[in-house]
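What the coordinates show
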Amino acid sequence: MEELLYKLLQSPVETEILEFKEAKNQFDKDKLGKYFSALSNEANLTGKPEAWLLFGVNNDKNIVGTQISDKQLNEYKKEIATNTSPTLSFIAVHRVAVAQNNVLMFQIPAAPRGMPVAWKNMFYARDGESLTGLNINKIERIRNQQTKLDWSAEIVPDATIKDLSVEAIKKAREQFAEKHPKLKDEIPTWDDITFLNKAKITINGQLTRAAILLLGNPESDTFINPASSKITWILRDRDKIEKDYEHFFCPLLLEVENVYAKIRNLKYRYLKSGTLFPDEVDQFEPYIIREALNNCIAHQDYTLGGKINVVEREDGFLTFSNLGHFIPESVESVITADAPEEQYRNPFLANAMVNLNLIDTIGSGIKKMFVIQKNKFFPLPEYNLENNKVTVTIIGKVLDIKYAQKLASMPDLSIDEIILLDKIQKGKSLTDEEIRILRTNSLIEGRKPNLHISSKVAEATDEKAQYIKQRGFKDDHYKSLIIEFIKKYGEANKKDIDNLILDILPSVLELKQKENKVRNIVYAMSKKDKTIINKGTNRYPVWVLSLSKNEKGR
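This is a predicted model, so every value here is computed, not measured. (Residues numbered from 1 in each chain as written. Predicted model: local features only at pLDDT ≥ 70, side-chain atom pairs only at ≥ 80, totals over all residues. Heavy atoms only, no water.)

Quick look at the packing of aromatic side chains
- Under the defined criterion, the tally for this structure stands at 9 aromatic pairs.
- Ring geometry for Phe55 versus Phe106: centroids 4.7 Å apart, planes at 65°, classification edge-to-face. Note that Phe55 is positioned in strand S2 (residues 50-55) and Phe106 in strand S5 (residues 101-109), a separation of 51 residues in sequence. Accessibility classification places Phe55 together with Phe106 in one group, the buried group. (Phe/Tyr/Trp six-rings, centres within 6.5 Å; stacked < 30°, edge-to-face > 60°. Helix = DSSP H or I, 4+ residues; strand = E, 2+ residues; numbered from the N terminus. Buried < 20%, exposed > 50% of the residue type's maximum accessible area, 1.4 Å probe, protein only.)

So, helix H8 (residues 252-262)
- If you check which residues of H8 are buried, you get Leu252, Leu253, Leu254, Glu255, Val256, Val259 and Tyr260.
- Summarising the contacts, the buried residues of H8 are in contact with helix H5 (166-179), helix H7 (209-215), strand S11 (231-236), strand S12 (242-248), helix H9 (286-299) and strand S15 (308-313). (Contact = heavy atoms within 4.5 Å.)

Looking at the side chain of Lys21
- Tracing the backbone shows Lys21 in strand S1 (residues 18-21).
- On the basis of relative accessible area, Lys21 is assigned to the buried category, the value being 19%.
- Here the side chain of Lys21 touches Tyr35 through a polar contact of 3.0 Å, side chain to side chain.
- For Lys21, the contacting residues outside a window of four places in its chain are Phe27, Tyr35, Leu53, Leu54, Phe55, Gly56 and Val57. (Polar contact = N/O pair within 3.5 Å; in protein donor to acceptor, adjacent residues only side chain to side chain.)

Re the sheet that holds strand S22 (residues 532-534)
- Reading across the sheet, the 3 strands line up as S21-S23-S22 and stay open at both edges, with antiparallel pairing between neighbours. Pairing within the sheet leaves two strands with one partner each, and these edge strands are strand S21 (492-493) and S22.
- As paired strands, S21 and strand S23 (residues 542-545) are joined by 2 bridges and run antiparallel to one another. The partner of Asn493 across the bridge, within S23, is Val542.
- Packed on one face of the sheet, helix H18 (residues 475-489) meets S21, S22 and S23 and runs near 90° to S23. (Pairing = 2+ DSSP bridges. Axes fitted to C-alpha atoms, helices over the stretch in contact; angles between N-to-C directions.)

Overview of the sheet that holds S2
- Pairing within the open sheet is mixed, and its 4 strands lie in the order S1-S2-S5-S4. Single-partner strands in this sheet number two, and they are S1 and strand S4 (92-98). Along the sheet, successive strands turn relative to each other by an average axial angle of 20°, direction set aside.
- Strand direction decides the pairing type here: S2 and S5, joined by 6 bridges, are antiparallel.

Topic: the environment of Glu42
- As for its position among the elements, Glu42 is in helix H2 (residues 29-45).
- Classification of Glu42 as buried rests on a relative accessible area of 3%.
- In this structure, the C-alpha to C-alpha distance between Glu42 and Ala110, residues 68 residues apart in sequence, is 7.4 Å.
- Beyond its immediate stretch of four places on either side in the chain, Glu42 contacts Glu16, Ile17, Ala125, Arg126 and Lys138.

Section: unusual backbone geometry
- That bond from Asn225 to Pro226 is cis: its omega, 10°, falls within 30 degrees of zero.
- The residue Pro226 is located in the loop between H7 and S11 in this model.
- Cys250 connects to Pro251 through a cis peptide bond whose omega is 10°.
- Along the chain, the position of Pro251 falls in the loop between S12 and H8.

A word on the nonpolar core
- Core analysis: the largest hydrophobic core is formed by 89 residues, its most contacted members being Leu215, Ile231, Val310 and Phe320.
- With 7 residues, the top contributor of residues to this core is H9.
- Look past the residues within four positions of Leu215 in its chain and what remains in contact with it is Leu164, Ser165, Ala168, Ile169, Ala172, Leu196, Ile201, Pro251 and Leu253.
- If you look at the next biggest cluster of nonpolar residues, it comprises 25 residues, including Ala23, Phe36, Leu73 and Ile108. (Core = buried A, V, L, I, M, F, W, Y, C linked by side-chain atoms within 4.5 Å.)

Here it is as C-alpha cells:
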C-alpha cells in the first residue's frame, strides 16, 4: 500500500477518482458522504473498479499525517452504509505509516453498473478537482449500463454442438438430474440441444461462452480467446519451491474432478489431548476444495485474459485464486448475511453451474467453508482481495494448538468471535472495535498490539501456565525479586537484573520491549519508590539498597 500511496501522490493534480484531504483529527461525515458518492460515480464512468480518497495529505501532496482513530473510522463506515443508495461501503480503509505519520487510504468502489450512487438522496460527481452534482447526462450514462451483456452469455457464432465434449454432456445430464429429481424420467427423452437449452447452457440452440467453458472440447478454448479456460495446479515444497505442475482446460465440468485428484489430501492426525479431538481427519474437506474451485470458475473475470491457479504446499496450505475484484462488500458480510448476493460477474455462467449442481447462489458456500474449518479446529479460510484478484488459502492442519483447544472447549463461541480469535492466532491486527468485542466477552487481555488469550479461555482450555507466561506478573513482583537479589548479594549490575527477570517477563513481548520494561522498573524503583540507588555510573550502573530500605530490612 505504501508503494501505491506514492504512485497516487505522483499524480500532477487531483482527478475525478482521486482526492487528497488533510483531515488531521477529523472530517465532516456529510462531506465525506458527498465525496463517496462523487468518487464512486466517477469511477464507474471512467471504467475503473475503484476511486481513492486520502486523509493526511494536503493539496500540495505533502504528507502531514492524520490522527483519526479506528473508532472514528467505524463511525464513518456506519454513516456511509446508512445514507448511501444503493447501500455501499468502502472496499477497505488502509492505514499506511510513512515517516512517523499515518495516511488513511479510503478505497471507494465504483458505482454498480446501471445504478448511480446517491448520498442522502442526492447524486454527486466531480468536475476536475471540484465537487458538484451529477448531471442528467452522467446519470443516464450510468443507468443505460443495465443493457450491458453478460460476457458468459455471449453467443459463439462459429461453434456448434460438435465442439462440445460428448462425455461432458453425459456428465451434465447426470448432474442436472441430481439437481432436478422431478425431471429424472423426462431428461433421457431430450436430445442434446433440448437438454442444453433447458439447462440454460445454450440459448435457442446456439453455443454460449459458458457452454464452451463447461462442456467444450479442449481445443474449443480458442473460441473464447483472449479469455482462457485454463486452470493451473502447482505443487510446492515447504520452502515454496515448485516441484510439479499441470494445466487443465475445458471442459471444466470434468476437469474440476481432475484438478481435485491432483491434490494430495493426506490424513491429519491430532495430538492426543484427552477426548477433545478426533484421531484423524482429511487435511482438506472435499466440499471445500470443490466449492473454492467452482467459485473461481463462476466468478473469474474472463475479460482480463488470465487463468485460475491452485497452489498446493507440502506443509498443509492450499491456495485458490481468480482474477477480478470481490463483488460483495466483504467476506464477513457474506458469512453473516441472510440473503444471497444481488450481483454476479457472470450471471449466465453462474446459473448454468447451479443447474448442474456445481454451486449454489444462496450465499451459503463460503459460510459452510468457515463452519467446516471451525468444526475441525483448523484455522479459518484466509481471503486476500488485493490487486484485482480474489485469493483464498485453506490451511489443512492445526496452526496453533491453543487456538484449537479454545474452540474445542468453548463450543458456544459465535462465528464472529471465532473470526476475531482466528486473527489473533494468525498474528493479524485488530481494530479498536474488534478488540472491544473480545474484551467485552472476556476472551482476550493485554495491550494492543500485544494481545493474548484471557484467563477465562485459559481455564477452559487448561492453559493456565501459558496464560501466566503471556500475561506476566505485576511490577511489584519483579521489584521484590530485585530487592531480594541485592539483599543476598549486596549489589546488582544491569546484567544481573536482566538475567533475573528478562525470562519471566510476558512472552508476548519482543526482546526490545522486555529490555524497555526492565529499564522502566529499575527507574521506578530508584526515582519513585526510592528503594535502590546507583553507586556506579550511568553507563555501568551498580544498584544497592537505599539507606531507608536497609533500615526497613533490619
